[in-house]
Amino acid sequence: MLTEILREEWGFDGAVVSDWGAVHNRVAALAAGLDLEMPGNPRSAEEIVAAVRSGALTPDLVAAAARRVAALAEAQPTAAGDAEISVDLDAHHALARELAAECVVLLKNDGGLLPLGPDLGTIAVIGTFASEPRYQGGGSSHINPTRVDEPLAAIRELATARDQTVHYAAGLDSGALAAAAGSDVAVVFAGLAETTESEGYDRRGIELPAEQIAMIRAVAAVAKRTVVVLSHGGVVSLEGWHDEVDAILDGFLLGQAGGGALADLLFGVAAPSGRLAETIPLRLQDNPSYLNFPGEAGQVRYGEGVMVGYRYYGTVGLPVRYPFGHGLTYTEFAVSGLEVDVHGPDTATARVTVTNIGDRAGKYVVQLYVATSAGPVRRPARELRAFTKVALDPGAAQTVELALDRRAFAYYDVERGDWAVAGGEYVVQIGENAERIVAERAVSLAGDAQLLELSLESTVGEWFGHPTVGPRLLESMAAGLTDEQRQEAEANMHLLEMISSMPMSQFVAFTGVELKDDALHSLIELSRTAPAGA
């Protein structure tokens, strides 16, 4: 994998570094293409030297790995050898705040509650995540921030500028409920603590902690309007409280400036434009890997194949809470004029116009999906093949162009060990998300010219299904039949499905069909020269 696929097929020319403590056989790992073991092990050098002396490793292989590690080290600045690097931390933090705002997903906004208007005189903020934000992952994903924005402080700053009052309660108590009941709107901060999801272990469910669900429901029961702001890594279930709140902002893990970004979105300084990168299911049991993961007896079976995430939910028509690609904003957009131009056998270009028909500036994510049943493998209902984000003022329109290379239409052919494009019809779709398609156009592609070589051990289905050989085979079989036999054969063509997996040699012997050996062999030769499509 590290040599043939990563370096030879994908063209990677950098160094490969192990995970911490993941190397169990340094000699075998080096032979496979692993350059640097982390952390260093004093015995590894001795083992490598011994392997070279015994012939288990070649000096050239070791030298190549050493050169890649040296190149990695030389690419990094050093305090002694390079000039001091100047960093504008304020500018970087401002950029982090802008990017964080672009990532937040507005899941729900009943009655247009968000952004919070200036007419809301008092705002109750409830939950410790407002004052102690969860902004990054756990374990080795930890980084050192230059500063961390506190959501509560940012909310107070924006509210004060509009003469609004903010009341805060860290958790669910009588004070929190009184603040929620006495305010014009309650904003509940909830999510998952770092101890709940981190490196080296998996969560056992997708629900929020019971105490947080209780807090959300209790606040929603007394507040005039309720907003829930979520902070977490992996997907969380919204069941048990979703229908009791008015709006949901899903922040996931936003980084050091996430607190300011959330305040910007709550007050309309920025408009949400994030889209879900995963499906939010109604139940954990609905997930396609539910019966396969975490496996048993030390083994995991990847039985879902390509039907992962939205590909599965859409293909089987399973209802979800929110689909992949979902995300609301504070304005409205219209999509029109979808055109698709085909270039050659396996590429195309799509153009579509997006118009902001609302009264606020906003950003729209154009999501392009491709749907097809062409080819010999089962395909998902649709697959995301291109996307882009456009910013539009009210009334403005923009035509975007999306290039679709051959991978946009391809499936992986395990026999060829490569990607293949089947000839046939493909539907190019523009979706609000993976479930809601707002425009589509069908195109025909010639696809790859492939040979499907037949033999006497090829199945009956492969013989009759071959676009060139199949019709000639039928002609050969019908040549010696009487009219009565021909009519009987046509009436029983459905029986071919029953024996479609039978080898042709067995079919000829089993049915007694008169097919001369030279006729079969001439058809086999034809299959070696006549393209059969992908």
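All values reported here derive from a predicted model rather than from experimental measurement.

In space, the three strands of this open sheet follow the order E7-E8-E11, with antiparallel pairing throughout. The sheet terminates laterally at strand E7 (333–343) and strand E11 (397–404), the two strands that pair on one side only. Within the sheet, the average angular offset between the axes of one strand and its neighbour, ignoring direction, is 15°. Examined bridge by bridge, strand E8 (residues 347–356) and E11 share eight bridges and lie antiparallel to one another.

Moving on: the packing of helix H6 (residues 151–161) against helix H9 (residues 258–267). Where H6 contacts H9, the axes come no closer than 8 Å and their chain directions differ by 40°. Between H6 and H9, the angle falls in the class oblique. The handedness of the crossing between H6 and H9 comes out as right-handed. Here Pro151, Ala154, Ile155, Leu158 and Ala159 of H6 come into contact with H9, specifically with Gly259, Gly260, Ala263, Asp264, Leu266 and Phe267.

This paragraph deals with the domain arrangement of the protein. One frequently used descriptor of interface size is the decrease in accessible area upon assembly of the parts. Annotation of the protein at the domain level lists domain 1 (3–75), domain 2 (104–272), domain 3 (333–445) and domain 4 (460–528). A separation of 34 Å is found between the C-alpha centroids of domain 2 and domain 3.

Reading across the sheet, the four strands line up as E10-E9-E14-E15 and stay open at both edges, with antiparallel pairing between neighbours. Only two strands of the sheet have a single partner each, and these edge strands are strand E10 (383–392) and strand E15 (437–445). Averaged over all neighbouring strand pairs, the angle between strand axes comes to 20°, with direction disregarded. Where strand E9 (residues 362–371) meets E10, nine bridges bridge the pair, whose relative direction is antiparallel. Across the sheet, residue valine 365 finds its bridge partner in E10, namely lysine 389.

Enumeration over the complete set of coordinates arrives at seven aromatic pairs. Ring geometry for tyrosine 310 and phenylalanine 324: centres 4.4 Å apart, planes at 20°, overall stacked. In this pair, tyrosine 310 sits in helix H10 (residues 310–316) while phenylalanine 324 sits in the loop between H10 and E7, placing the two residues 14 residues apart along the sequence. The same class applies to tyrosine 310 as to phenylalanine 324, namely buried. For the ring pair phenylalanine 333 and tyrosine 364, a centre distance of 5.2 Å and an interplane angle of 45° mean the geometry is tilted. A residue pair is termed long-range when its members are at least 10 positions apart, and phenylalanine 333 in strand E7 and tyrosine 364 in strand E9 qualify at 31 residues. Overall, the relative accessible area of 2% leaves tyrosine 364 in the buried class. Aromatic ring contacts, followed pair by pair, group Tyr310, Phe324 and Tyr369 into a single cluster. The ring of tryptophan 419 has arginine 407 sitting right over it, with the charged end atom 3.8 Å from the ring centre.

Structural remark: α-helix, 3.6 residues per turn; residues separated by three or four positions point the same way. Of all 10 residues that make up H9, 10 are buried, and the element is covered over most of its length. Listed in full, the buried residues belonging to H9 are Gly258, Gly259, Gly260, Ala261, Leu262, Ala263, Asp264, Leu265, Leu266 and Phe267. Turning to H9, the residues buried within the fold contact helix H5 (89–103), strand E2 (122–126), H6, strand E4 (185–191), strand E5 (226–231) and strand E6 (247–250). Two residues or fewer past H9, glycine 268 is found with a positive phi of approximately 80°.

As defined by bridge partners, E7 adjoins E8 across nine bridges and the pair is classed as antiparallel. The residue bridging glutamate 339 from the neighbouring strand is arginine 351, located in E8. Here E7 hands over to E8 after three residues, with glycine 344 in that stretch at a positive phi of 75°.

With that settled, consider empty space enclosed by the protein. Counted by the stated rule, this structure contains three cavities of 30 Å³ or more. When its volume is computed, the largest cavity comes out at roughly 110 Å³. Lining the largest cavity are 18 residues, with Pro133, Arg134, Gly258, Gly259 and Leu262 positioned closest to its centre. Going through the elements one at a time, E5 and H9 are the ones with two or more residues in the lining of the largest cavity. Of all the elements, H9 adds the most residues to the lining of the largest cavity, at three residues. Its residues placed into classes, the lining of the largest cavity shows 10 nonpolar, six polar and two charged. If you add up the space inside the second largest cavity, you get close to 60 Å³. Forming the walls of the second largest cavity are Thr279, Tyr310, Tyr313, Gly314, Val320, Pro323, Phe324, Ala434 and Glu435. The class makeup of the residues in the lining of the second largest cavity is six nonpolar, two polar and one charged.

Quick notes on the rules
Residues numbered from 1 in each chain as written. Predicted model: local features only at pLDDT ≥ 70, side-chain atom pairs only at ≥ 80, totals over all residues. Heavy atoms only, no water. Pairing = 2+ DSSP bridges. Helix = DSSP H or I, 4+ residues; strand = E, 2+ residues; numbered from the N terminus. Axes fitted to C-alpha atoms, helices over the stretch in contact; angles between N-to-C directions. Parallel < 35°, antiparallel > 145°, perpendicular 65-115°, else oblique. Left-handed = near helix turned anticlockwise from the far one by under 90°. Contact = heavy atoms within 4.5 Å. Domains from an automatic or database assignment. Phe/Tyr/Trp six-rings, centres within 6.5 Å; stacked < 30°, edge-to-face > 60°. Buried < 20%, exposed > 50% of the residue type's maximum accessible area, 1.4 Å probe, protein only. Lys NZ or Arg CZ within 6 Å of the ring centre and 35° of its normal. 1 Å grid on protein atoms, 1.4 Å probe; cavity = no way out; pocket = protein on both sides within 12 Å on 5 of 7 lines; lining within 4 Å. Points joined across faces, edges and corners; volume = space filled by probe spheres on them. Nonpolar A, V, L, I, M, F, W, Y, C, P; charged D, E, K, R; others polar.

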